[in-house]
Amino acid sequence: MPRSAAAATPPYIPDITLDRSSPVPLYFQISEPIAQLINSGTLPADTRLEDELSMAARLHVSRPTARQALQRLVDRGLLTRRRGVGTIVSPRHVHRPMELTSLMRDLVEAGHKVHTTIQRYEARPATARDADALGTDEGTLIVSIERTRFANDEPIAVLTNFIPADIAPTMQELTSGSLYELMRERGVTLASARQVIGARNATAKEAKLLSEHRGAALLTTQRTTYDPSGRIVEYGDHIYRASRYSFEANLFAQ
């Protein structure tokens, strides 16, 4: 939505009931109903909310309380402040569980519209570095792939994979299919994986692919996937937009 159009649209006024006898802080009672509306899709991206001054007066709370409620949502990536426009709903964030699943399947199941572009698909002999990553011999035929995954027409990740050529999907298949599902169709069983998660800043090339500015924060993963025999069937080196993407994990006490 153009800035002028967003600014001209009447702001959304959330229906919030405060329980002043509750031990739950008032700012939390304000922010959570708004967060639920955003996460459910009731409040779409670019919806403009009432400002903190209006909110404070309407709910009979202090301006710092209203500001804290909105800032909490900004800090969680659900709202964005734009000069000349106000506080608006951010583009939908992708939350992905830390499981041995494909990014495409996770995005589709979360309700996102997904498509893929392929920057590189190359069958070639493995270099020493490739062979080390795949646990194979140098010179073995492998397939090297670089793809950009989009969710709701926004680039989310650049995925680089190295796969033994005998189990690699074709380039045409990868334009519309999930790598893991395509490998399973070839009789490959994905038994386990080792994944390392990190963070760094985007290069100029990466920023261009992900519609970010150079130096933007990226999440990174390096994943080595094994079949039941212990053979490495895929090595992935992936980058994700930190502004649009996060991992989720359930932790249990021992």
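What you see is a predicted model; the values in this text were computed from it and never measured. (Residues numbered from 1 in each chain as written. Predicted model: local features only at pLDDT ≥ 70, side-chain atom pairs only at ≥ 80, totals over all residues. Heavy atoms only, no water.)

Examining the nonpolar core
Counting residues in each nonpolar core, the largest one holds 19 residues, and the members touching the most others are Ile30 and Ile34. Not counting residues within four places of it along the chain, the set of residues in contact with Ile34 comprises Pro14, Ile16, Leu43, Leu49, Met55 and Leu73. (Core = buried A, V, L, I, M, F, W, Y, C linked by side-chain atoms within 4.5 Å. Buried < 20%, exposed > 50% of the residue type's maximum accessible area, 1.4 Å probe, protein only. Contact = heavy atoms within 4.5 Å.)

Describing helix H4 (residues 63-75)
With 13 residues, H4 ought to run about 18 Å at 1.5 Å a step, and its terminal C-alpha atoms sit 18 Å apart, in line with that. Taken as a whole, H4 has its buried residues at Thr65, Ala66, Ala69, Leu70 and Leu73. End-on view of H4: buried residues confined to an arc of 130°, all on one side of the axis. Those residues of H4 that are buried are in contact with helix H2 (26-39), helix H3 (52-59) and strand S1 (79-82). Backbone geometry just downstream of H4 places Gly77 in the positive-phi region, at approximately 80°. (Helix = DSSP H or I, 4+ residues; strand = E, 2+ residues; numbered from the N terminus. Expected span 1.5 Å × (residues − 1). Arc of directions from axis to C-beta.)

Let's talk about the environment of Arg67
Inspection of the secondary structure assignment puts Arg67 in helix H4. Residue classification places Arg67 among the partly exposed residues on the basis of a relative accessible area of 37%. Those residues within four positions of Arg67 in sequence are excluded, and the remaining contacts are Glu52 and Arg81.

Let's talk about the sheet that holds strand S4 (residues 114-125)
Pairing in this open sheet of 6 strands is antiparallel, and the strands run S4-S5-S6-S9-S8-S7 from one edge to the other. The open sheet has two edge strands, S4 and strand S7 (192-201), and neither has a second partner. Between one strand axis and the next, the sheet turns by 15° as a mean value, whatever way the strands run. Examined bridge by bridge, S7 and strand S8 (residues 217-226) share 10 bridges and lie antiparallel to one another. Its bridge partner lying in S8, Ala199 is registered against Leu219. (Pairing = 2+ DSSP bridges. Axes fitted to C-alpha atoms, helices over the stretch in contact; angles between N-to-C directions.)

Some words on the side chain of Glu146
Structurally, the position occupied by Glu146 is in strand S5 (residues 141-151). Judged by relative accessible area, which is 9%, Glu146 ranks as buried. If we ignore the near neighbours within four places in the chain, the residues touching Glu146 are Thr117, Ile118, Gln119, Arg120, Val158, Leu159, Thr160, Lys205 and Leu209.

Some points on H2
Compared with an ideal rise of 1.5 Å per residue, which puts 14 residues at 20 Å, H2 spans 20 Å between its outermost C-alpha atoms and is within 8% of the ideal. Looking at the buried residues of H2, the elements they touch are H3, H4, S1 and strand S2 (86-89).

A closer look at the side chain of Thr65
Within the fold, Thr65 resides in helix H4. Polar side-chain contacts of Thr65 include one of 2.8 Å to the side chain of Ser62. If we ignore the near neighbours within four places in the chain, the residues touching Thr65 are Leu26, Tyr27 and Ile30. (Polar contact = N/O pair within 3.5 Å; in protein donor to acceptor, adjacent residues only side chain to side chain.)

So, the packing of H2 against H4
The description of two packed helices rests on the angle between their axes and on the distance between the axes. The N-to-C vectors of H2 and H4 enclose an angle of 40°; their axes lie 8 Å apart at closest approach. It follows from the interaxial angle that H2 and H4 lie oblique. In terms of crossing hand, the pair formed by H2 and H4 is right-handed. In this structure, H2 contributes Leu26, Tyr27, Phe28, Ile30, Ser31, Glu32, Ile34 and Ala35 to the contact, and H4 contributes Thr65, Gln68, Ala69, Arg72 and Leu73. Split by residue class, the contact of H2 with H4 holds 8 nonpolar, 3 polar and 2 charged. (Parallel < 35°, antiparallel > 145°, perpendicular 65-115°, else oblique. Left-handed = near helix turned anticlockwise from the far one by under 90°. Nonpolar A, V, L, I, M, F, W, Y, C, P; charged D, E, K, R; others polar.)

Looking at the packing of H3 against H4
For the pair H3 and H4, the least separation of the axes is 8 Å and the interaxial angle reads 120°. Between H3 and H4, the angle is such that the two are oblique. Between H3 and H4 lies a crossing of right-handed hand. Seen from H3, the contacting residues are Glu52, Leu53, Met55 and Ala56; seen from H4, they are Arg63, Ala66, Arg67 and Leu70. Residues that form the contact of H3 with H4 fall into these classes: 5 nonpolar, no polar and 3 charged.

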